[in-house]
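Tertiary structure, described
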Amino acid sequence: MNRKLTWMLLFGITTLFTQCKDSGDEVKADDENELITSVTLTFTEVGTGTVTTFAYKDPDGDGGNAPTKFDTISLKANTSYTLTPAFLDESKTPVDDITAEIKEKAFEHLLVYTPNPTTLLTYTYGDKDTNGYPIGLTGTAIAGAAGTGTLKVQLRHQPNAKNGTITPGSDDVNLDFNLKVK
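Residues numbered from 1 in each chain as written. Predicted model: local features only at pLDDT ≥ 70, side-chain atom pairs only at ≥ 80, totals over all residues. Heavy atoms only, no water.

Take the overall build of the chain next. Within the chain, the secondary structure is distributed over 2 helices and 11 strands. Secondary structure elements of the chain occur, N-terminal to C-terminal, as α-β-β-β-β-β-β-α-β-β-β-β-β. Taking the intrachain contacts of the chain between residues at least 6 apart in sequence as the baseline, contacts between residues at least 24 apart amount to 64%. Within the structure as shown, the chain displays about 11100 Å² of accessible surface, and the carbon and sulfur contribution to it stands at 54%. (Helix = DSSP H or I, 4+ residues; strand = E, 2+ residues; numbered from the N terminus. Contact = heavy atoms within 4.5 Å. Areas by Shrake-Rupley, 256 points an atom, 1.4 Å probe, with all protein chains shown as cover.)

So this is what it looks like as structure tokens:
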């Protein structure tokens, strides 16, 4: 009886070590969302070149302490602007320019600008990734008639899923700026 038990124990341990051997394949971490502590939207008025910037700053990132800056976007009615955003991770030294990473990995990112009400602003993409899908790092924003509302700015992180729509992926940024068109 002891011999059978010894052989079964020996067989079990051998099987365990055989199943747990290193396959040699490196396990890669999932492509995680970016930490973004600062968002700047630059509106350059078409025709005059007048530049106006609006910023959001949250030094500790999403959650935790409240943002230290959250500007209200103020635009002229019935006016066209070139819109360019900038994204930073200021929690690192030196500061990490996430905008450069978005450009480099444009096939994984989509910026979405959603005004509410929709009559306040119309956005047209001015750039595309290598697959022909919009990016949103440059585009044209046309302010509509005077009014107030919000402009939702979303940076969608869509690794291996980008298809030109907002649906796949997750948010690196999801901000509701107050918007005044006057």
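A separate point is the nonpolar core. Nonpolar side chains in soluble globular proteins generally cluster together in the buried interior. If you look at the biggest cluster of nonpolar residues, it comprises 31 residues, and the most contacted ones within it are Val-39, Leu-41, Phe-43, Ile-73, Leu-75, Phe-87 and Leu-179. It is strand E11 (residues 170-181) that contributes the most residues to this core, 5 residues altogether. (Core = buried A, V, L, I, M, F, W, Y, C linked by side-chain atoms within 4.5 Å. Buried < 20%, exposed > 50% of the residue type's maximum accessible area, 1.4 Å probe, protein only.)

With mixed pairing, 4 strands are arranged side by side in an open sheet as E4-E11-E10-E7. For this open sheet the edge positions go to strand E4 (73-75) and strand E7 (109-116), each flanked by a neighbour on one side alone. With strand direction ignored, the average angle separating the axes of adjacent strands in the sheet is 25°. Strand direction decides the pairing type here: E7 and strand E10 (residues 147-157), joined by 8 bridges, are antiparallel. Looking across to E10, one finds that Thr-114 is bridged to Lys-152. (Pairing = 2+ DSSP bridges. Axes fitted to C-alpha atoms, helices over the stretch in contact; angles between N-to-C directions.)

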